[in-house]
Amino acid sequence: MEWLTAPFEVAFVQRALWGGILVSAICALAGTWVVLRGMAFLGDAMSHGLLPGVALAALLGGNLMLGAVASAAVMTAGVTALGRTRRLSRDTGIGLLFVGMLSLGVIIVSRSQSFAVDLTGLLFGDVLAVRDRDLVLLGGALLVALVVSALGHRAFLALTFDARKAHTLGLRPRLAHAVLLGLLGLAIVASFHIVGTLLVLGLLIAPPAAALPWARGVRGVMAGAALLGAAATFGGLLLSWHLGTAAGATVSALAVSLFFLSHLASGVRHRRVSRAAAPAPVPELDRSTSEAMS
């Protein structure tokens, strides 16, 4: 029992746990729509697109969160603008923004005297460095995400399954898409300090994808994703404490492992249900019965 509780008796690990739980809830709200709409590449591009703002804030001694917000706003505006250009496919525009923002971030970081240390911290995060004020910011971000998710749920749902019907119902799919990008940006900004810009997809996509086979609705996926994300945070911090591994990477790896376990278990369940529902084989008629029937 002490093996399970000892790490969480330390104050900075407690803060890391609460930070990871809050981030898991935020990522569950945004990541569910990312999974349902097949926007994983966009999420990856936006997470890497945070690097210029964060790097510039670090270089100038400013607030990293504000730098991340600025980069997320630029990425959101860029993706929205390029999405309206018919001469260029959306994936092409996203890919160009992805590479451009990442390159700019590395250029900015290279101006720092501590290039390697700064870049490692920005790319892989430092969950054990979460402070009390970070928890307050994460709590505020979760509140905003809940409000946006509640108000936009109907529009997001219609946009996910039929954008033309959403337009017919007057749900303004373009505005809904822009708001959804904002929600995605909020989740990524909240997460980068926990697992870094490279590993943010571990908490953003893996828990909703793991919960998807077991849930009956969108809200069920969100609830399951939040629980799985919290479990990955707890287990990742526990393993990193005892094994001496990087905390953020361990949390992200455990979240991805839960995804594979979930889909493995779902496949086993599906095969059992299929076998149970299969009709019983019709026994062959013996020769005497067939002769009597003829």
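Positions within a chain are numbered from 1, following the residues in the order the chain's sequence is written. In view of the model being predicted, local features appear only for residues whose pLDDT reaches at least 70, and side-chain atom pairs are presented and counted only at 80 or more, with totals across whole chains, interfaces and linings using the full set of residues. Derived side-chain values reflect all non-hydrogen atoms in the structure, with water molecules and hydrogen atoms excluded from consideration.

1. As for the overall build of the chain
Numbering of helices and strands starts at the N terminus; helices are DSSP runs of H or I of at least 4 residues and strands are runs of E of at least 2. Looking only at helices and strands, the chain features 14 helices and zero strands. Counting over 294 residues, the chain shows a buried share of 44%. Contacts are assigned to residue pairs with any non-hydrogen atoms lying within 4.5 Å of each other. When contacts within the chain are restricted to residue pairs at least 6 apart in sequence, long-range pairs at least 24 apart make up 75% of them. Within the structure as shown, the chain displays about 15700 Å² of accessible surface, and the carbon and sulfur contribution to it stands at 66%. Residue exposure (1.4 Å probe, protein chains only): buried if accessible area is under 20% of the type maximum, exposed if over 50%, otherwise partly exposed. Residue burial considers only the protein chains on display, and all accessible areas are found by Shrake-Rupley using a 1.4 Å probe.

2. Topic: the environment of alanine 30
Its place among the elements puts alanine 30 in helix 2 (residues 11-37). Under the relative-accessibility criterion, alanine 30 is labelled buried at 2%. For the pair alanine 30 and leucine 146, spaced 116 residues apart in the sequence, the C-alpha separation amounts to 9.8 Å. If we skip the residues at most four places from it in the chain, alanine 30 touches Leu183, Leu184, Ala187 and Leu204.

3. A look at helix 2
An α-helical turn contains 3.6 residues, so a residue and the one three or four places further along point in the same direction. In this model helix 2 runs 39 Å from its N-terminal to its C-terminal C-alpha over 27 residues, within 8% of the 39 Å that 1.5 Å per residue would give. Throughout, bend refers to the angle between the axes fitted to the seven residues that end at a position and the seven residues that start at it. Along helix 2, the largest kink reaches about 35° and is centred on alanine 30. Immediately beyond the C-terminal end of helix 2, within one or two residues, lies glycine 38, with a positive phi of roughly 65°. The length a helix should cover is 1.5 Å for every residue beyond the first.

4. Thoughts on helix 6 (residues 90-110)
Over its 21 residues, helix 6 runs 30 Å from end to end, which matches the ideal 30 Å to within 8%, given 1.5 Å per residue. Those residues of helix 6 that sit buried are Gly93, Ile94, Gly95, Leu97, Phe98, Met101, Gly105, Ile108 and Val109.

5. Some thoughts on the environment of alanine 141
Here alanine 141 shows up in helix 8 (residues 132-161). Residues alanine 141 and leucine 22, spaced 119 residues apart in sequence, show a C-alpha to C-alpha distance of 8.8 Å.

6. Here we look at the nonpolar core
Burial of nonpolar side chains together is a common tendency in soluble globular proteins. Residues grouped as a nonpolar core are buried Ala, Val, Leu, Ile, Met, Phe, Trp, Tyr and Cys residues, joined through side-chain atoms within 4.5 Å. One finds Leu42, Leu50, Leu184 and Leu204 to be the most contacted residues of the largest nonpolar core, which totals 65 residues. Looking at this core, the element that brings in the most residues is helix 10 (residues 173-204), giving 16 residues. In this structure leucine 42 touches Val79, Ile94, Leu181 and Leu184, once residues within four positions along its chain are discounted.

7. What about the packing of helix 2 against helix 8?
Between helix 2 and helix 8, the least distance of the axes is 10 Å, while the angle of their chain directions is 15°. Taken together, the axes of helix 2 and helix 8 are roughly parallel relative to one another. In terms of crossing hand, the pair formed by helix 2 and helix 8 is left-handed. Residues are grouped as follows: nonpolar covers Ala, Val, Leu, Ile, Met, Phe, Trp, Tyr, Cys and Pro; charged covers Asp, Glu, Lys and Arg; every other residue, Gly included, is treated as polar. Residue composition of the contact of helix 2 with helix 8, grouped by class: 17 nonpolar, five polar and three charged. The axes are straight lines fitted to the C-alpha atoms, using for helices just the contacting stretch, and the angles between their N-to-C directions are given from 0 to 180°. Every angle not falling under 35 degrees, over 145, or within 65 to 115 is termed oblique; those three ranges are roughly parallel, roughly antiparallel and roughly perpendicular. Crossings are classed by handedness, with left-handed meaning an anticlockwise turn of the near helix from the far one by less than a right angle and right-handed meaning a clockwise turn.

8. Regarding the pattern of salt bridges
Salt bridges, as used here, are contacts in which a Lys or Arg side-chain nitrogen is within 4 Å of a carboxyl oxygen on Asp or Glu. Throughout the structure, instances matching the rule amount to one salt bridge. Residue arginine 131 pairs with aspartate 134 through a salt bridge whose shortest N-O separation is 3.3 Å.

9. Describing the packing of aromatic side chains
Two aromatic rings, taken as a pair, are described by how far apart their centres are and by the angle between their planes. Centre distance within 6.5 Å is the pairing criterion for rings of Phe, Tyr and Trp, where only the six-membered ring of Trp is used; planes under 30 degrees apart are then read as stacked, over 60 as edge-to-face, and the remainder as tilted. One pass over the full model with this rule turns up three aromatic pairs. Judged by centre distance (5.7 Å) and plane angle (70°), the rings of tryptophan 33 and phenylalanine 156 are edge-to-face. With tryptophan 33 in helix 2 and phenylalanine 156 in helix 8, this residue pair connects regions lying 123 residues apart in the sequence. The class for phenylalanine 156 is buried, based on a relative accessible area of 1%.

10. Considering the packing of helix 2 against helix 12 (residues 218-243)
Their axes nearest at 8 Å, the elements helix 2 and helix 12 cross at an angle of 145°. Crossing angle aside, the handedness with which helix 2 passes helix 12 is right-handed. Partitioned by chemical class, the residues of the contact of helix 2 with helix 12 number 19 nonpolar, five polar and no charged.

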